[in-house]
Every structure is written in structure tokens, then in C-alpha cells.
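# A structural walkthrough
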Number of protein chains: 2
Amino acid sequence: VVISVVVNAAQTEAILFGADGVAETLPEGAVFVSSATMDPDVARNLAARLETSERLYLDAPISGGSVRAAEGALTVLASGSAAAFAKARPALDAMAAKLYELGDEPGVGAAFKMINQLLAGVHIAAASEAVAFAARQGLDIRKVYEVITASAGNSWMFENRVPHVLDGDYAPRSAVDIFVKDLGIVQDMARSAKFPVPVAAAALQMFLMTSAAGMGRDDDASVARLYARITGTDLPGEPQT
Amino acid sequence: VVISVVVNAAQTEAILFGADGVAETLPEGAVFVSSATMDPDVARNLAARLETSERLYLDAPISGGSVRAAEGALTVLASGSAAAFAKARPALDAMAAKLYELGDEPGVGAAFKMINQLLAGVHIAAASEAVAFAARQGLDIRKVYEVITASAGNSWMFENRVPHVLDGDYAPRSAVDIFVKDLGIVQDMARSAKFPVPVAAAALQMFLMTSAAGMGRDDDASVARLYARITGTDLPGEPQT
């Protein structure tokens, strides 16, 4: 079993098919577990290429970030053949608090992950828009955090990311450019399916603006800083010009 | 104490200043508690007009909907003078599970409510976009609900509204046109403050499209039906043409 925890499809492809790639160096019948977030079509393609060489592919993107990874508390969204599941399950059980088995075709796990990323990205952008707008309205944003997390406007991302804004702490737990990539994949999938996703498209533009303003490698809550800088709004830790 | 639970500023104004309005029929020193969702400037204006007649105004929008209202389990976001709070507090304690006291100026409660509505509206639109896109990708949307509610893409609204989509049940618990109104107020506030809110603007357009397609009085999860109808995607209870 090889578990590949890299950022994107290109890195996964290099591990599989680059010089000394796993497609040739792994024993036949071994399983390659791919956890990168990628377009489901790309996952299907990588799986098909690997399986021609008699190695198995498990499409198994993860959710939860580095803190939960260290605790063995990830959520794994897996799909692939019964043979791939059988070989990979003990390793996955060790790293995952929740293992979802989503079907016998690679690409399904990737598609579930992209639906999650659509929502996660929109929620970070909305949290950033809302908290900066609240500051602009003169509201106490610590009180806003208290009220919203107890109200119907709450999201997992609001609860998790807004504390970074309250603390003025933009050290990257997950970087802006991760959502530039992931919401970009959502756009590609949606355009390919002729499916309009205007809310996700607006969120992607906010991540792109934040990256363009020089914050691509900072924490993704930096979208709030972008709103503050554009509008001259005070946020903790942000010098006003 | 009069507690006014109506939909909007116009209805509130009619109760206060229309024929036989509260501004004249209430004893002097009594308190009028306004729970409608409205622009903070309008709340400030109504309060100022009422208080010239020696009655008290408490700006106290509520969150939670009709089910929680019946249980006395609402969240109340209140601001107003100490005198208004003193008179209204026993009644508010009876109807609210949580009473937030947000300051001594009317308008602050209204502003907190609008921040909540910005997030709530975006999250409903995003949930609708995501679940319809998942159906279009061929995913099992009941499984999507299970996975997302256990993942970082979750929101209070996703958890609450997507079951309506799964059941194909669009009887209105909260109607599309409520968010046409509330996200409309957010746009007015933001434009007035010269503050861009592109994510909320995209969500508002989806509520407007859903209302324009004849679903304005249906449940707000109908935004998912709009995506499905536009794209020819199967959703429970929706006949395909």
C-alpha cells in the first residue's frame, strides 16, 4: 500500500508515472491510494492508466487538514474496486476517523470531495464578506462571532476561520491558493457539464483577488483582509493606510 | 409591552403610525418591541419617531422560525435604551432561549440580524447549487447529505434545508421571497456604505431567478429546483420535461 498525500493531480501523476514512478516500482497487485483533491475525470484517467500495469488504484481524497491528520482523525471519501478497498482498508482505518465507501468506480470519491470544496470555499468567502461588512457597520466582531455561531447563519467554516480574523493571525493553516485551485476545478467541472455555479464563481473571484493582492500563501481567511483593505475597514492586526 | 412580529419595515410602520397605531394608543412609557428584519437605518428612524411620543422602542429582530417560536426557543438580537430593556425583558425571556443585549442604540440589533441573513442566504443558495450539481454529477444525494454534514463543507442551512430537497417537499417553512427581501436589504446597506458584497449579490440573483420562475412563495430550498430545471437534472419530486 502506498498512500499519496500531495496537493494536486500533477504531483500525483509525477509520483505514479514520473522517473522511478510507483506504476513500475510497486509490486504487481499493490494498491496506490490517492488523496489529492482533483477533477473526477483526472482521477478516472490516472486509475485507468495505473490499472493497465496490474497495480490497484483507490480514489480517496481526505478532509480535515493537518491537525486532524496528526490525530488519525481524517474523513476519507473513497471509491474504487473491491480489491483496492480490501488491500487499503487497514491503512485507511488507521488514519481516518470516518471512512466513506462511495462506490466501486474511481472518480466518485473525487466528485464528493469537489462538492465539499464548493461549499467550503463559498462559506469561507461568505464568512470573510460578512465579518468585514460587520466591522464596516461598526459592530463588535467578537460579538458577531458569538451571535452567528449560535444562529442559523453559522457554518463549519465560519466557526473555524473567523477566529483567525479576530486574532489578526493569517499564518497559513490552509492557504488562499488552495481554494484558487479547488474552486478552479469546480468551475472546470461545471463548465464541462454545462452547469452554472454563479455562487461558487463569485467566491472564486474573491480568492483570486486575495491571491492577486499578494496573499496567496497566507491563510484563506485573508479574504476578509482583502475586503477590509479595499474598503478602508479596520480589522485586528491590519494597519490602515 | 407590545411585541410586533411582522415581516418587514412597512408592516411595522403601519402598526406604529397607521390608523389606530401603537404610537398613539399605547400608554406613555410603554415599550414597543420590533422583531421584523429591516435596514438598521429604518429601525433607527422608527425608534426616533416613536420616542418623540414618549413611548419606548426596542429593536429586537429574532432568529429561529415558527417551530422554535412555538417552543419559546428563539434567539433575540436586541438593542435599545436601558428603560426599554427593563420593561421588555420579562416578555423577551419568555419567548427567547437566547437574548443578546447588543447595545443601547436601536439599529444595532437590526445590523446583527442582517449579517446573519447575509450568511443564511448565501448558505441556502450554495447548498442548492451544490446539491443540484451533485445530482448532475450522478452522485447519490442522500449520501452527499450524510458526507457533507460530517465534513468541513457543512452549514446550519445545508443541514436544515437539504432534507427538503431530498424529500421533494417545497411546502414553505420559509419562502424564497423572504430572502429576496433580506438579501435585497443587505445589497441596499452595502451599496449605501460603498462596500462590495459580490458573494451575497450572486446569492440574491439566484433567489430572484427562483422567484421569477414562479416559486417565490415556495420553500427557499426551491433554489435547488431552479438549478435542476435550468439544467435538466433529476431531483426528487421534480418531473423532467
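Conventions and cut-offs
- Residues numbered from 1 in each chain as written.
- Chains lettered and ligands numbered in written order.
- Predicted model: local features only at pLDDT ≥ 70, side-chain atom pairs only at ≥ 80, totals over all residues.
- Heavy atoms only, no water.
- Core = buried A, V, L, I, M, F, W, Y, C linked by side-chain atoms within 4.5 Å.
- Buried < 20%, exposed > 50% of the residue type's maximum accessible area, 1.4 Å probe, protein only.
- Contact = heavy atoms within 4.5 Å.
- Helix = DSSP H or I, 4+ residues; strand = E, 2+ residues; numbered from the N terminus.
- Pairing = 2+ DSSP bridges.
- Axes fitted to C-alpha atoms, helices over the stretch in contact; angles between N-to-C directions.
- Parallel < 35°, antiparallel > 145°, perpendicular 65-115°, else oblique.
- Nonpolar A, V, L, I, M, F, W, Y, C, P; charged D, E, K, R; others polar.
- Phe/Tyr/Trp six-rings, centres within 6.5 Å; stacked < 30°, edge-to-face > 60°.
- Domains from an automatic or database assignment.
- Buried area = accessible area lost by both parts, 1.4 Å probe.
- Salt bridge = Lys/Arg side-chain N within 4 Å of Asp/Glu carboxyl O.
- Polar contact = N/O pair within 3.5 Å; in protein donor to acceptor, adjacent residues only side chain to side chain.

### Notes on the nonpolar core
Buried together is how nonpolar side chains tend to be arranged in soluble globular proteins. Ile115(A) and Ile115(B) are the most contacted members of the largest nonpolar core, which has 116 residues in total. Not counting residues within four places of it along the chain, the set of residues in contact with Ile115(A) comprises Ala130(B), Phe133(B), Ala134(B), Leu139(B), Val144(B) and Ile148(B).

### Concerning the environment of Ala88(B)
Residues and elements named next belong to chain B. With respect to the helices and strands, the residue Ala 88 is situated in helix H5 (residues 82-95). Ala 88 sits 31 residues away from Tyr 57 along the chain, and the two C-alpha atoms are 9.6 Å apart. In this view, Ala 88 contacts Val 1, Val 31, Val 33 and Leu 58; residues no more than four positions away in its chain are not counted.

### Considering the pairing of strand E3 (residues 56-59) of chain A
Residues and elements named next belong to chain A. Of the two faces of E3, the one lined by Leu 56 and Leu 58 and the one lined by Tyr 57 and Asp 59 are each fully buried. Pairing analysis gives 4 bridges linking strand E2 (residues 31-34) to E3, with the strands arranged parallel. By the bridge assignment, Val 31 is partnered in E3 with Leu 56. The sheet contact formed by E3 and strand E5 (residues 74-80) spans 2 bridges and is antiparallel. Pairing of Leu 58 across the sheet is with Gly 80, part of E5.

### Digging into the environment of Ala132(A)
Tracing the chain through its elements places Ala132(A) in helix H6 (residues 108-136). Residues Ala132(A) and Thr231(A) lie 99 residues apart in sequence; the distance between their C-alpha atoms is 9.1 Å. With residues up to four places along the chain from it excluded, the contact list for Ala132(A) reads Ala224(A), Tyr227(A), Ala228(A), Thr233(A) and Phe195(B).

### Observations regarding the packing of helix H10 (residues 198-215) of chain A against helix H11 (residues 222-231) of chain A
Residue and element names in this part refer to chain A. Contact geometry of H10 with H11 gives a least axis separation of 9 Å together with a crossing angle of 80°. Relative to H11, the element H10 lies roughly perpendicular. Along its contact with H10, which presents Met 206, Phe 207, Met 209, Thr 210, Ala 213 and Met 215, the element H11 presents Ser 222, Val 223, Arg 225, Leu 226, Tyr 227 and Arg 229. Considered class by class, the residues forming the contact of H10 with H11 number 8 nonpolar, 2 polar and 2 charged.

### With respect to the packing of aromatic side chains
Taken as a whole and judged by the stated rule, the model has 10 aromatic pairs over all chains. Both rings, one in Phe133(A) and one in Phe195(B), keep their centres 5.1 Å apart while their planes meet at 45°; by these two values the pair is tilted. Placement of Phe133(A) in helix H6 and of Phe195(B) in the loop between helix H9 (176-192) and helix H10 (198-215) is noted, with the two residues assigned to different chains. Given the relative accessible area of 1%, Phe133(A) is considered buried. With a centroid separation of 5.9 Å and 15° between ring planes, the pair formed by Tyr145(B) and Phe158(B) is classed as stacked. Of this pair, Tyr145(B) sits in helix H7 (residues 141-149) while Phe158(B) sits in helix H8 (residues 156-166), and the two are 13 residues apart along the sequence. Connected via pairs of aromatic rings, a cluster forms that spans Phe133(A), Tyr227(A) and Phe195(B).

### Points about the domain arrangement of chain A
Residues and elements named next belong to chain A. Domain annotation of chain A identifies domain 1 (2-103) and domain 2 (111-231). Computed over C-alpha atoms, the centres of domain 1 and domain 2 are 28 Å apart. The partner domain 2 presents 12 residues to the 12 residues of domain 1 that form the contact. Summing both partners gives a buried area of about 950 Å² for domain 1 against domain 2, and 68% of it is carried by carbon and sulfur. Taken together, domain 1 and domain 2 are joined by 0 salt bridges. Across the domain 1-domain 2 interface, the total number found is 4 residue pairs in polar contact (both at pLDDT 80 or more). A per-class count over the side of domain 1 that touches domain 2 returns 7 nonpolar, 3 polar and 2 charged.

### Some words on the pattern of salt bridges
Between side chains of opposite charge, a pair can form when the charged atoms approach closely. All names here are of chain B. Per the stated rule, a full pass over the model turns up 26 salt bridges over all chains. The residue Asp 182 makes a salt bridge to Lys 181 at a minimum N-O spacing of 2.6 Å. In terms of burial, Asp 182 and Lys 181 fall into one category: buried. Note that Asp 188 is salt-bridged to Arg 191, the shortest N-O span being 3.6 Å. Highlighted residues: Asp 188 and Arg 191, both in helix H9, separated by 3 residues, approximately one helical turn. Exposure remark for Asp 188: the relative accessible area of 39% places this residue in the partly exposed category.

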